[in-house]
Amino acid sequence: MLDINNISMVFNKGTVNERRALDGVSLHLDRGDFVTVIGSNGAGKSTLLNAVAGSYPVDGGSIVLDGEDITNMPEHKRAKHIGRLFQNTLMGTAPNMTIEENLGLAYGRGSRRGLRRCVSAADRKFFRERLAMLELGLEDRLNMKVGLLSGGQRQAITLLMATMITPKLLLLDEHTAALDPKTAEQVMTITRRIIAEDNITALMVTHNINGALSNGNKTLVMNGGKVLAVLEGQRRENFTPEMLIQLYGDNAAAISDRMLL
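Draft legend 1. Representation of the packing of helix 5 (residues 151-163) against helix 6 (residues 181-197). Running from amino to carboxyl end, helix 5 crosses helix 6 at an angle of 15°, the nearest separation of the two axes being 10 Å. By the criterion of interaxial angle, the relationship of helix 5 to helix 6 is roughly parallel. Crossing of helix 5 over helix 6 shows right-handed handedness. In contact with Gly-152, Gln-155, Ala-156, Leu-159, Leu-160 and Thr-163 of helix 5, helix 6 contributes Thr-183, Val-187, Ile-190, Thr-191 and Ile-194. Per-class residue counts for the contact of helix 5 with helix 6 are six nonpolar, five polar and no charged.

Draft legend 2. Summary view of the pattern of salt bridges. Per the counting criterion, the structure on display carries 11 salt bridges. The shortest N-O distance in the salt bridge between Glu-174 and Arg-258 comes to 3.5 Å. In this pair, Glu-174 sits in the loop between strand 7 (169-173) and helix 6 while Arg-258 sits in helix 10 (residues 257-260), placing the two residues 84 residues apart along the sequence. Since its relative accessible area comes to 13%, Glu-174 is described here as buried.

Draft legend 3. A look at the packing of helix 3 (residues 99-107) against helix 4 (residues 121-134). Here helix 3 crosses helix 4 at 100°, and the two axes come no closer than 11 Å. The pairing of helix 3 with helix 4 is recorded here as roughly perpendicular in orientation. In this structure, helix 3 uses Ile-99, Glu-100, Leu-103, Gly-104 and Tyr-107 to contact helix 4, whose residues at the interface are Asp-123, Arg-124, Phe-126, Phe-127 and Leu-131.

How each quantity is defined
Residues numbered from 1 in each chain as written. Predicted model: local features only at pLDDT ≥ 70, side-chain atom pairs only at ≥ 80, totals over all residues. Heavy atoms only, no water. Axes fitted to C-alpha atoms, helices over the stretch in contact; angles between N-to-C directions. Helix = DSSP H or I, 4+ residues; strand = E, 2+ residues; numbered from the N terminus. Parallel < 35°, antiparallel > 145°, perpendicular 65-115°, else oblique. Left-handed = near helix turned anticlockwise from the far one by under 90°. Contact = heavy atoms within 4.5 Å. Nonpolar A, V, L, I, M, F, W, Y, C, P; charged D, E, K, R; others polar. Salt bridge = Lys/Arg side-chain N within 4 Å of Asp/Glu carboxyl O. Buried < 20%, exposed > 50% of the residue type's maximum accessible area, 1.4 Å probe, protein only.

So, to be careful, I would describe these as geometric facts and stop short of saying anything about function.
This is the structure we're talking about:
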């Protein structure tokens, strides 16, 4: 479904600030895989997602999505097939537009008619049904401007928009990190449900090992732009914070308390 083959990326090439952000990263995802990604600061987690999304061009290797080589495909063309959420809850929605208008834009993604100028009664019914899934009471607030919603509500709307037309791949870049613990768990519960019900293939960056191991079916551990391990099956079930420290070896000092707690 997704094949990342030996990709590399260097920032500030040829300068004193040159840094290898990705160093021969390879990963295979089957359809329906939900892979969590964890690593120290500067490990390459978000850079990996940016490379897949097309935000940054890779210097080497290839990225193949559903049998199509998208390595050199522009970001806006990949967006038709890739849904994405960021840590910043202000990204992903238009604050001065209503919930209905935001959902209408997402629903028209990939349509030959481009952005829809109006929402039909059938569309509105569909939006209400999808919003009701969130269990946040937003189905009765279609005409409210998104900018008036809380961070958690906005992130839930963004998640709904990213999956309104089921994407081939969903990228989640610490999308609950800016929320308070209760709201973060609520959004994460919604995330798990949508991914499972729609059998969405997903890559999720998370900030701690417990969150990485309790979500999805595989965990990618990164450091210094490299993949240290892909955890799955019994190895993943038995993995502990102590094992993470052992995995980092001489680089264990790079592990923050946030990763372990």
